[in-house]
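These are the residues of each chain, in order.
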Amino acid sequence: MCCIGLQTFKATGTLGMLAFLSIWQMKIAQVSPLIESTPPRSYGGIERVVAYLTDELTHMGHEVTLFATADSSAQASRLVPCAETGLRGSNAIDPVARHVAMLETVVQMADEFDIIHFHLDYLHLPLARALAWPHITTLHGRLDRADHQLLYCRFPEVPLVSISDSQRKPLSSVNWRATVYNGIPERTGTLPTQKREYLAFMGRIAPEKGVIDAIHIARKAGLPLRIAAKVDREWASYFRESVEPLMRASNVTFLGEIGESAKDDFLGGAFALLFPIDWPEPFGLVMVEAMARGTPVIAYSRGAVPEVLDEGMSGFLVDSVESAVAAVHKLDRIDHHRCRQLFESRFTARRMATDYLEVYRQILKDRSASVARSPVNF
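Residues numbered from 1 in each chain as written. Predicted model: local features only at pLDDT ≥ 70, side-chain atom pairs only at ≥ 80, totals over all residues. Heavy atoms only, no water.

Section: the pattern of salt bridges
Here is step 1 of the chain: If you walk through the whole model with that rule in mind, you get 21 salt bridges.
Here is step 2 of the chain: Of the charged contacts in the structure, one is a salt bridge between Lys 230 and Asp 232, with a shortest N-O distance of 3.4 Å.
Here is step 3 of the chain: In this structure, the salt-bridge partner of Lys 263 is Glu 289, at a minimum N-O distance of 2.7 Å. On the criterion of sequence distance, the pair formed by Lys 263 in helix α9 (residues 260–268) and Glu 289 in helix α10 (residues 285–292) is long-range, its members being 26 residues apart.
Here is step 4 of the chain: The buried category is assigned to Glu 289, whose relative accessible area is 5%.
Here is step 5 of the chain: Each of the salt bridges in this network shares a partner with another, and the network as a whole consists of Glu 36, Arg 88, Lys 230, Asp 232 and Glu 257. (Salt bridge = Lys/Arg side-chain N within 4 Å of Asp/Glu carboxyl O. Helix = DSSP H or I, 4+ residues; strand = E, 2+ residues; numbered from the N terminus. Buried < 20%, exposed > 50% of the residue type's maximum accessible area, 1.4 Å probe, protein only.)

Spelled out as structure tokens, the structure:
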């Protein structure tokens, strides 16, 4: 294993160490959730981001070990299978048990890596505190609930990464090391040549995602709406009782979940993606997926949305159904090529991987400095 020891640090000095870190090919562990495969075959945000990060780090020459499901297809140097398939929809009764077993495997293999990157929200935090090895945790979810604040404040020294500046606002006393925006492969999407004929909604069916407002926006704007979304069991009655009646009374087509191969046609054929969220969105990957196809986004200005969208260039920030309808009538002002260019400049997987490498190097540099300050026993 290529690790930085006290002798290396003393031999190279600080400047030499910084130069070494800048070119060092690392051994990196990516610890992905087991809810879906990495990447998922249809809906699934965290596992998709981990897959894109794994692919890019591997392409950049780093040795990446991925802890994930056995049917994961991310281009890691090595896959350590920790479940046969994604736990969503499987007959696994206790998903937490599978994740705890995976963490034990990570511990057993820890000294094979230069750094371990966790994507499990809070599940591993007690372990991370005890783990005498460089690590970083990306938090992918909302952090504004009282239980989250109580929990994360108990681990003020654990190094964390946010996926937006907005996401970290409820937690000011933890060890934030960076904000790294999510990214998707630059090859994603093309600028379509067909006529844009409808408004689109993509994600999952839940009250905070704003599907009901999307239906109202499309109806008042006089345009058809196509919905590509999954319906989890916990929201099945909400979909049946609150959403379906509105769909039947409006010009709405419900497609269910769609995979990556269908997104070019679905997002590329839309006048705009509607994103009328009613929660503090930590990032909103679907907005970037639309931008990659040159499709503008009309979104409620909540959570990270103002960080992702460039007003008037990649979409419009609104605060109500009425202002969203008004934005629909301004869509002809959006340059679809410029929308695509904004994606290429800000939200590619290569940019994401480069930003994470900088975080890894800073963690390792800090550790090396700590080792150098420690007394040496002969």
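The rest of the description comes next.
Focus on the packing of aromatic side chains
Here is step 1 of the chain: Per the counting criterion, the structure on display carries eight aromatic pairs.
Here is step 2 of the chain: Considering the side-chain rings of Tyr 181 and Phe 283, the 6.2 Å spacing of their centres and the 40 degrees angle between planes classify their relative orientation as tilted. Of this pair, Tyr 181 sits in the loop between β7 (175–179) and β8 (198–204) while Phe 283 sits in the loop between β11 (270–275) and α10, and the two are 102 residues apart along the sequence.
Here is step 3 of the chain: Judged by relative accessible area, which is 1%, Phe 283 ranks as buried.
Here is step 4 of the chain: Each ring, one from Phe 283 and one from Phe 347, has its centre 5.9 Å from the other, and the planes form 75 degrees; the classification is edge-to-face. Linking Phe 283 in the loop between β11 and α10 with Phe 347 in the loop between α13 (336–346) and α14 (349–373), this pair joins segments that are 64 residues apart in sequence.
Here is step 5 of the chain: Stacked on the ring of Tyr 198, the Lys or Arg Arg 226 has its end atom at 3.9 Å from the ring centre. (Phe/Tyr/Trp six-rings, centres within 6.5 Å; stacked < 30°, edge-to-face > 60°. Lys NZ or Arg CZ within 6 Å of the ring centre and 35° of its normal.)

Side note on the sheet that holds strand β9 (residues 225–230)
Hydrogen bonds between backbone atoms are what pair the strands of a sheet, whose relative direction is either parallel or antiparallel.
Here is step 1 of the chain: Spatially, the six strands line up as an open sheet ordered β10-β9-β8-β11-β12-β13, and their pairing is parallel. Edge positions in the open sheet fall to β10 (252–254) and β13 (315–318), since each of these has one partner strand only. With direction set aside, neighbouring strand axes in the sheet form an average angle of 20 degrees.
Here is step 2 of the chain: Taken together, the four bridges between strand β12 (residues 297–300) and β13 define a ladder with parallel strand orientation. What sits directly across from Ile 298, in β13, is Phe 316.
Here is step 3 of the chain: Against the sheet, helix α7 (residues 211–221) makes contact with β8, β9, β10, β11 and β12, and its axis sits at roughly 170 degrees relative to β9, the strand it touches most.
Here is step 4 of the chain: Against the sheet, α9 makes contact with β8, β9 and β11, and its axis sits at roughly 140 degrees relative to β8, the strand it touches most. (Pairing = 2+ DSSP bridges. Axes fitted to C-alpha atoms, helices over the stretch in contact; angles between N-to-C directions. Contact = heavy atoms within 4.5 Å.)

Things to note about the environment of Ser 323
Here is step 1 of the chain: Secondary-structure assignment places Ser 323 in helix α12 (residues 321–328).
Here is step 2 of the chain: A residue is classified by how much of its surface remains accessible, and Ser 323, at 23% relative accessible area, is partly exposed.
Here is step 3 of the chain: Sequence separation between Ser 323 and Tyr 300 is 23 residues; the distance between their C-alpha atoms is 9.4 Å.

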